[in-house]
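# Observations on the model geometry
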Amino acid sequence: MAEYIMAAQNGRNIPMEDTIFGISRRANEMIANEGADKVINATIGALLNDDGELMVLSSVDETFMGLEPIEYAQYAPIGGTPAFRKAAIKAALKNYEPKGFVRAVATPGGTGCLSDVVANYSCPGDKILTTDWFWSPYNTIATQQGRSIATFQLFDEERKFNLADFSAQVAALLAEQDRLVIFLNTPAQNPTGYSLTDEDWKGVISVLSEQDADKRIALLVDTAYIDFAGDEDEYRSFIPLLEELPANVLPMLAFSMSKTFTLYGLRCGALICLAQSEEVADEFVRVCEFFARGSWSNSPKAGQSIITNIFADEELLAKVTEERKEIRDLLLARGRAFEEESAKVGLEILPYDGGFFASIPCDDPKAASLELEKDGIFLVPLAKGLRVSLASISEEKCRRIPAKVVEVLKK
Ligand SMILES: Cc1ncc(COP(=O)(O)O)c(C=O)c1O
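What comes next is a walk through the structure. Quantities reported herein were computed from a predicted structural model and do not represent experimental measurements.

## Re the pattern of salt bridges
This model, assessed by the stated rule, comprises 26 salt bridges. A salt bridge links K319 to E62, with the shortest nitrogen-to-oxygen separation between them at 3.8 Å. Of this pair, K319 sits in helix α12 (residues 314-345) while E62 sits in helix α2 (residues 58-65); the two residues are 257 residues apart in sequence, bridging distant segments of the chain. If you follow the salt bridges from partner to partner, you end up with E340, E341, K344, E395 and R399 in one network.

Following this line, the structure appears as structure tokens:
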């Protein structure tokens, strides 16, 4: 029987059930049958407290509850309200004042930024370059628009950033394509927790600067977890480096409000460009607004109003930042516990710096994750290993996982 009855496949591989939701469903069934203390559901991509409840910044929640109908019921302009666009730049860049031409357009979350960049800076049939450990929706977003994903190895043999492979893959793709979109998810990458150091960044910038000036390169830094890596200013130190890129490379930031402001469900984000010329910046706005019109139209106004109101009130902004620090500290403590316990039991994990996830390289991730499920441990199998969501489990559960994984991998 043909796989599709009425629908057109259009080169897409559409599974019957999303892998992560499938695993989460099995975890919930086990919780219902055997009790929550028997289950570690480390699959969820949201920050939960030790009892498994969603953590929401109360200052953000209060701002939401105080909105007037006009601030959420009305359509927002296609590219976002002017005040939101300003506030989004402030949220993404913090104290940095760019030399170039900065513009922001509203998107429905960080995901919207990624679709936008694929649509506007690559051509059908192109390959989008990212790391071999990557967030799987990158593939969905690319294939949905008739593109595909190519990868370079994130780590070399010493588990350092693999600049040599980055350089080789950029050159190989630019030999075949006139333009190249690159997705780099940093700091605190999903799924490894790795953050490019400023040294790594200098290498990336030098590789991109060496390419043929006739080629067009769009460098998208996916900063979904930037505020969950550590000190918010320190983790923005790479931003000025982006302005050293030559004119044929356009750096952009995908800024998601989902994690930073715990607004996952409100679908709020902004794509930000740091262009060298006003023409490129204005073109960025024009093409992004056109794409928005033809896909999601305008983005929800509620999130935009919340962010605008937060940035209009210094005291409120300070409160949001302080509250975020508290939940970030809790997350990072879980990460350190996981690293510590892994070292103790001799489990090799990839270099974790911060963020929601850590990863364990292994040979047969699917088999390993099914085996772990029998012990009540639910992790996400990736192509090259297992992903652990530190965001969704307590520190005590983070400490329980490594020994169990070692046991299963030995089998
Ligand atoms: C790597 C990465 N990029 C982008 C996003 C976008 O998130 P959202 O569209 O919810 O803002 C996520 C969310 O999980 C992510 O993990």
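## Re the pairing of strand β4 (residues 148-152)
Every regular strand shows the same layout, with side chains that alternate between the two sheet faces. With 5 bridges connecting them, strand β3 (residues 127-131) and β4 associate as parallel partners. By the bridge assignment for β4, L129 is matched with A150. Regarding topology, helix α5 (residues 137-144) serves as the crossover connection from β3 to the parallel β4, and that connection is right-handed.

## With respect to the site of the ligand
Near the ligand there are 13 residues, and of these T111, D222, Y225, S258 and K259 occur at the shortest range. Between the ligand and N190 there is a distance of 2.8 Å, counted from an oxygen atom to a side-chain nitrogen or oxygen. Side-chain polar atom of K259 to an oxygen atom of the ligand: 2.8 Å apart, as the coordinates give it. Protein contact buries 92% of the 390 Å² of open area that the ligand shows by itself. Every element with two or more residues in the shell around the ligand is listed here: α4 (109-121) and α9 (257-260). At 3 residues, α4 tops the list of elements feeding residues into the shell around the ligand. When its residues are assigned to classes, the shell around the ligand shows 3 nonpolar, 7 polar and 3 charged.

## Overview of the side chain of T107
Along the chain, T107 falls in strand β2 (residues 101-107). Within the structure, T107 has its side chain in polar contact with the backbone oxygen of G109 (distance 2.8 Å). Contact partners of T107, with chain neighbours within four places excluded, come to G112, C113, D116, R267, C268, G269, A270, L271, W296 and S299.

## Here's the deal with the pairing of β3
Summarising burial for β3: 4 of the 5 residues are buried, a large majority. In the sheet, β3 pairs with strand β5 (residues 179-185) via 2 bridges, with the strands oriented parallel. Along β5, the bridge assignment pairs L129 with I182.

## Looking at the environment of G303
Note on placement: G303 falls in helix α11 (residues 301-311). Each C-alpha atom of the pair G303 and L266 lies 6.0 Å from the other, and the pair is 37 residues apart in sequence. With sequence-adjacent residues up to four places away left out, G303 is seen in contact with L266 and C268.

## A look at the sheet that holds strand β7 (residues 249-256)
What the 7 strands build is an open sheet, ordered β2-β8-β7-β6-β5-β3-β4; its pairing is mixed. Of all strands in the sheet, those with a lone pairing partner are β2 and β4, marking the two edges. Along the sheet, successive strands turn relative to each other by an average axial angle of 25°, direction set aside. By the bridge criterion, 7 bridges tie β2 to strand β8 (residues 269-275) in an arrangement that is antiparallel. Bridged to A106 within β8 is A270. Against the sheet, α5 touches β3, β4, β5 and β6 (216-222), its axis set at about 140° to β4.

## Some details on the environment of V181
Its location among the elements puts V181 in strand β5. Given a relative accessible area of 1%, V181 falls into the buried group. In this view, V181 contacts V117, Y121, S122, I128, L129 and A218; residues no more than four positions away in its chain are not counted.

## Description of unusual backbone geometry
In this chain, T186 is followed by P187 through a cis amide linkage whose omega measures -5°. Its location among the elements puts P187 in the loop between β5 and α7 (198-209). A cis amide bond links N190 with the next residue in sequence, P191, at an omega value of 20°. Phi is positive for A188, close to 55°, though the residue is something other than glycine. Among the structural elements, A188 can be located in the loop between β5 and α7. Located in the positive-phi region is R267, a residue other than glycine, with phi close to 50°. Relative to the helices and strands, R267 is located in the loop between α9 and β8. For R267, a relative accessible area of 31% puts it in the partly exposed group.

Definitions and cut-offs
- Residues numbered from 1 in each chain as written.
- Predicted model: local features only at pLDDT ≥ 70, side-chain atom pairs only at ≥ 80, totals over all residues.
- Heavy atoms only, no water.
- Salt bridge = Lys/Arg side-chain N within 4 Å of Asp/Glu carboxyl O.
- Helix = DSSP H or I, 4+ residues; strand = E, 2+ residues; numbered from the N terminus.
- Pairing = 2+ DSSP bridges.
- Right-handed = clockwise from strand over helix to strand, strands pointing away.
- Near = heavy atom within 4 Å.
- Polar contact = N/O pair within 3.5 Å; in protein donor to acceptor, adjacent residues only side chain to side chain.
- Areas by Shrake-Rupley, 256 points an atom, 1.4 Å probe, with all protein chains shown as cover.
- Nonpolar A, V, L, I, M, F, W, Y, C, P; charged D, E, K, R; others polar.
- Contact = heavy atoms within 4.5 Å.
- Buried < 20%, exposed > 50% of the residue type's maximum accessible area, 1.4 Å probe, protein only.
- Axes fitted to C-alpha atoms, helices over the stretch in contact; angles between N-to-C directions.

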